[in-house]
Amino acid sequence: MLLECVVRDLEVWESSGQWIFSAYSPWRGKPNVTGFTDLSPEEMRLGYYNCRANNDIQSYMAAVQQLAEQWKNRVRQVKAFYASKKMALLSQLRNVVAQLCVPLDLEDCKPQALDCAVIV
């Protein structure tokens, strides 16, 4: 499932130490996932040099911290979106199984007995 792939990519991105100020797309040549700021190290360095020339390093540090926090929040949002979609899908599947079992009067077929790992 695409959302699972995106979440795995984000988890690797979080834990690997990769550059966080980058755009993300699950497929090459497709639109990027919105909400991720794309800044190269050179752009960040230029921003630092400009702030340093104005004796305003604190503004640079605050801007970088804000960008990092925005990235963390966006990762959390994408993961939360995935979790809610997964739960909604599981709920729908349980309802379908329950509807199929009732007319057949199968005692062993209960939605609670479903193994979610098999469904997903």
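As the structure is a prediction and not an experimental result, all values here were calculated from the model. (Residues numbered from 1 in each chain as written. Predicted model: local features only at pLDDT ≥ 70, side-chain atom pairs only at ≥ 80, totals over all residues. Heavy atoms only, no water.)

Further remarks concern the overall build of the protein chain. Along the backbone of the protein chain there are four helices and zero strands. Going from N to C terminus, the protein chain has its helices and strands arranged as α-α-α-α. A buried classification covers 18% of the 120 residues belonging to the protein chain. Within the protein chain, counting contacts between residues at least 6 apart in sequence, those at least 24 apart form 45% of the total. About 8,800 Å² of surface is accessible on the protein chain, with carbon and sulfur atoms providing 55% of the total. (Helix = DSSP H or I, 4+ residues; strand = E, 2+ residues; numbered from the N terminus. Buried < 20%, exposed > 50% of the residue type's maximum accessible area, 1.4 Å probe, protein only. Contact = heavy atoms within 4.5 Å. Areas by Shrake-Rupley, 256 points an atom, 1.4 Å probe, with all protein chains shown as cover.)

Tracing the backbone through its elements, the reader meets Glu4 in helix H1 (residues 2-16). Of note is the side chain of Glu4, whose polar atom sits 3.3 Å from the side chain of Tyr82. (Polar contact = N/O pair within 3.5 Å; in protein donor to acceptor, adjacent residues only side chain to side chain.)

Let us now look at the environment of Phe21. The residue Phe21 is located in the loop between H1 and helix H2 (41-53) in this model. Owing to a relative accessible area of 6%, Phe21 belongs among the buried residues under this scheme. A sequence separation of 23 residues divides Phe21 from Met44, and the C-alpha atoms of the two residues are 9.3 Å apart. Here Phe21 is in contact with Thr37, Asp38, Leu39, Met44, Val64, Leu67 and Ala68, once residues within four sequence places are set aside.

Turning our eyes to something else, we now look at the pattern of salt bridges. Counted according to the given criterion, the structure contains one salt bridge. In this structure, the salt-bridge partner of Lys79 is Glu14, at a minimum N-O distance of 2.5 Å. With a gap of 65 residues between them, Lys79 in helix H3 (residues 57-104) and Glu14 in helix H1 connect regions that are remote in the sequence. Here Lys79 falls in the partly exposed class, since its relative accessible area comes to 24%. (Salt bridge = Lys/Arg side-chain N within 4 Å of Asp/Glu carboxyl O.)

Before going further, it helps to spend a moment on H1. Here H1 spans 21 Å end to end across 15 residues, near enough to the 21 Å set by a 1.5 Å rise per residue. What H1 keeps buried is the set Glu4, Val6, Val7, Leu10 and Trp13. (Expected span 1.5 Å × (residues − 1).)

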